[in-house]
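Structural features, examined
Below are the chains, spelled out letter by letter.
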Amino acid sequence: MKSIAVITLAMGLLLGGCVSQPMRSAPQTLSAQQVEQLFAGKTVESVNRSTGITSFTYYDPDGRVLQSRLWSQRSGKWTVKSNGKVCLTFDKTQCRRIANDNGVYYKLRKRKGEKAKRVVAYRSFHDGNLLLGKNQAWPKVSHFRP
Amino acid sequence: MKEMKKEAMLYGTVIQQMSRTTAALCLGAALLLPVSAAAAVMPGSIAIYSDGSVEKLLSRANGKEVWQDSRYRRLTRSSNPLLPVLSRESLGGERNYSHFLRSGDPDMLLNAPAGRSHEFVVLRRDKYGNLAIKPRHFECVVNGDGSIRIAGKPEKVKRFTCERFTLHHKLLTKSIKETLALAYSPRLKMVVDTQRTTPKKSSRKSLVKLIAPGKHSYRTLRAELKALQADKQEGVK
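Residues numbered from 1 in each chain as written. Chains lettered and ligands numbered in written order. Predicted model: local features only at pLDDT ≥ 70, side-chain atom pairs only at ≥ 80, totals over all residues. Heavy atoms only, no water.

Broken down by element type, chain A carries 2 helices and 9 strands. Along its sequence from the N terminus, chain A presents helices and strands in the succession α-β-α-β-β-β-β-β-β-β-β. For chain A, contacts bridging at least 24 residues in sequence account for 49% of all contacts bridging at least 6. Element-wise, carbon and sulfur atoms account for 53% of the exposed surface of chain A, whose accessible area totals about 9,300 Å². (Helix = DSSP H or I, 4+ residues; strand = E, 2+ residues; numbered from the N terminus. Contact = heavy atoms within 4.5 Å. Areas by Shrake-Rupley, 256 points an atom, 1.4 Å probe, with all protein chains shown as cover.)

This is the structure in structure tokens:
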């Protein structure tokens, strides 16, 4: 009786091993170098997870940033801190960590005493500036126009 | 004259923001245009829908119109509201999918009397350029004329119901994928209300507001969307 149970258990373990499970790793926050590589020279589509509004942001390697949302644009600056936080400056400066959860990137907001919250999800990363036409000038307003 | 007044009411938010004198001047200028030209939604206009989606009309020519959604995807639509979106391209220019008419003549339904039905077949090409194995069959019925309220004002519409289905390759049995109840405004030349029902869920998208070309601002659009979101949450409660 005991041997039957052992055999059944062994079979179960063997068969269990045959079923392929997708390998999911824990979300990782990105280093300064990884953030730089991810954003520099890219037009990034992101969605605010609370409002559902989509933004397109071009991160120029020279530190300028251009953002377009609902057919309005604003410009500012971006930097990456040594701790991996990306800082965007429009009217004011906000610095946030970026996390990678199995290939999907998120912007995190961490408030005192709270767990980090995924506030923005990144949908796609395109090379180059898709927001300005060839002869279009870089807008110089830090709040959305029109 | 009546049409012009309606047009002005629909673009209400814009008119309200302008001074009375400017509004009177604009209305006066609009009166000089032929009714047909002034009635249809003009390129540059922004449409806000009840489900929170927003689209901007980029162009309208040769029986086709190009809209852009808030993800800046370009949606090419036929001027025939019964046909699905003809193609969708992302901001980077990649084509996501396209549809083209294989058989049938959906145009025959546009001025047909209530009760008339017609079947047409559409083929879908995916982003890799591959044709879907199963053609998409549509059977549309004219439900007749009606009226709908947009921003509190009545708008004359033509109502249609379309069933999209596939046919079993051997048994030729119908498998209904979705049912669309459409309200089309011939004056605005756009669908103003869509009720979509699939075997799993049902959703509704109706036109809430139209913003005239060049009159939008981030603030006003954001406020409109926030109000819609609040209404939605209120409805859930």
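Having seen the model, we can carry on.
A separate point is the overall build of chain B. In terms of helices and strands, chain B carries 5 helices and 12 strands. The 237 residues of chain B split such that 40% are buried. Within chain B, contacts between residues separated by at least 24 positions form 42% of all contacts whose residues are at least 6 apart in sequence. Counting every atom, chain B has about 13,200 Å² of accessible surface; 54% of that belongs to carbon and sulfur. (Buried < 20%, exposed > 50% of the residue type's maximum accessible area, 1.4 Å probe, protein only.)

Turning our attention to the environment of Gly76(A). Residue and element names in this part refer to chain A. Mapping Gly76 onto the fold places it in strand S5 (residues 72–80). Overall, Gly76 belongs to the buried group, its relative accessible area being 17%. Between the C-alpha atoms of Gly76 and Lys140, which are 64 residues apart in sequence, the distance is 8.0 Å. Not counting the four nearest positions on each side in its chain, Gly76 is found in contact with Gly63, Arg64, Val65, Thr89 and Phe90.

A few words now on the state of the cysteines. What makes a disulfide is a covalent bond joining the sulfur atoms belonging to two cysteines. All names here are of chain A. Overall, the coordinates contain 2 disulfides over all chains when judged by the stated rule. One disulfide bridge connects Cys87 with Cys95, the sulfur atoms lying 2.1 Å from each other. Of note, the bridge from Cys87 to Cys95 carries an S-S torsion of about 110° and is right-handed in sense. Under the relative-accessibility criterion, Cys95 is labelled partly exposed at 22%. (Disulfide = S-S within 2.5 Å.)

Turning our attention to the pattern of salt bridges. All names here are of chain B. Per the counting criterion, the structure on display carries 18 salt bridges over all chains. Here Lys174 and Glu139 are joined by a salt bridge, their closest N and O atoms 3.3 Å apart. Taken together, the positions of Lys174 in strand S10 (residues 174–185) and Glu139 in strand S8 (residues 136–150) put the pair 35 residues apart, joining distant regions of the chain. For Lys174, a relative accessible area of 43% corresponds to the partly exposed category. (Salt bridge = Lys/Arg side-chain N within 4 Å of Asp/Glu carboxyl O.)

Once that is clear, we can look at the sheet that holds strand S2 (residues 54–61) of chain B. Residues and elements named next belong to chain B. Around the barrel, 12 strands lie side by side as S1-S2-S3-S4-S5-S6-S7-S8-S9-S10-S11-S12; this closed barrel has antiparallel pairing. The mean inter-strand angle of the sheet, taken between neighbouring strand axes irrespective of direction, is 30°. Bridge analysis of S8 against strand S9 (residues 153–167) gives 13 bridges, and the strand direction is antiparallel. In the sheet register, Arg149 faces S9, and the bridge partner there is Pro154. (Pairing = 2+ DSSP bridges. Axes fitted to C-alpha atoms, helices over the stretch in contact; angles between N-to-C directions.)

Residue and element names in this part refer to chain A. Burial analysis of strand S8 (residues 104–109) places 5 of its 6 residues in the buried class, which makes it a mostly covered element. Where strand S7 (residues 93–101) meets S8, 5 bridges bridge the pair, whose relative direction is antiparallel. From the neighbouring strand, Arg97 faces S8, where its bridge partner is Leu108. What sits between the antiparallel neighbours S7 and S8 is a turn of 2 residues, in which Asn102 has the positive phi angle 50°. Two elements, S8 and strand S9 (residues 117–127), share 4 bridges in a ladder whose sense is antiparallel. Bridged to Arg109 within S9 is Lys117.

This next bit is on the side chain of Glu55(B). Relative to the assigned elements, Glu55(B) resides in strand S2. Within the structure, the side chain of Glu55(B) is placed 2.9 Å from the side chain of Arg77(B), a separation counted as a polar contact. Setting aside residues no more than four positions away along its own chain, Glu55(B) makes contact with Trp71(A), Ser45(B), Ile46(B), Ala47(B), Tyr49(B), Trp67(B), Gln68(B), Asp69(B), Leu75(B), Arg77(B) and Lys205(B). (Polar contact = N/O pair within 3.5 Å; in protein donor to acceptor, adjacent residues only side chain to side chain.)

Under the definition given, this model contains 11 aromatic pairs over all chains. Put simply, the rings of Phe39(A), Tyr59(A), Trp78(A), Tyr105(A), Tyr122(A) and Phe125(A) pair up and form one aromatic cluster. One residue, Arg74(A), lies across the ring of Phe90(A), its end atom 3.9 Å from the ring centre. Lying across the ring of Tyr49(B), Lys205(B) places its NZ or CZ 4.5 Å from the centre. (Phe/Tyr/Trp six-rings, centres within 6.5 Å; stacked < 30°, edge-to-face > 60°. Lys NZ or Arg CZ within 6 Å of the ring centre and 35° of its normal.)

Another point: the interface of chain A and chain B. The partner chain B presents 19 residues to the 17 residues of chain A that form the contact. Carbon and sulfur atoms supply 65% of the area buried between chain A and chain B, which totals about 1,700 Å² over both sides. Considering only the side of chain A, the residues that lose the most area to chain B are Phe56(A), Leu70(A) and Trp71(A), jointly responsible for 45% of the buried surface there. For the pair chain A and chain B, the interface holds 1 salt bridge. Where Arg71(B) meets Glu45(A), a salt bridge forms, and the shortest distance between an N and an O atom there is 2.6 Å. In this structure, the connection of chain A to chain B is made through 9 residue pairs in polar contact (both at pLDDT 80 or more). (Buried area = accessible area lost by both parts, 1.4 Å probe.)

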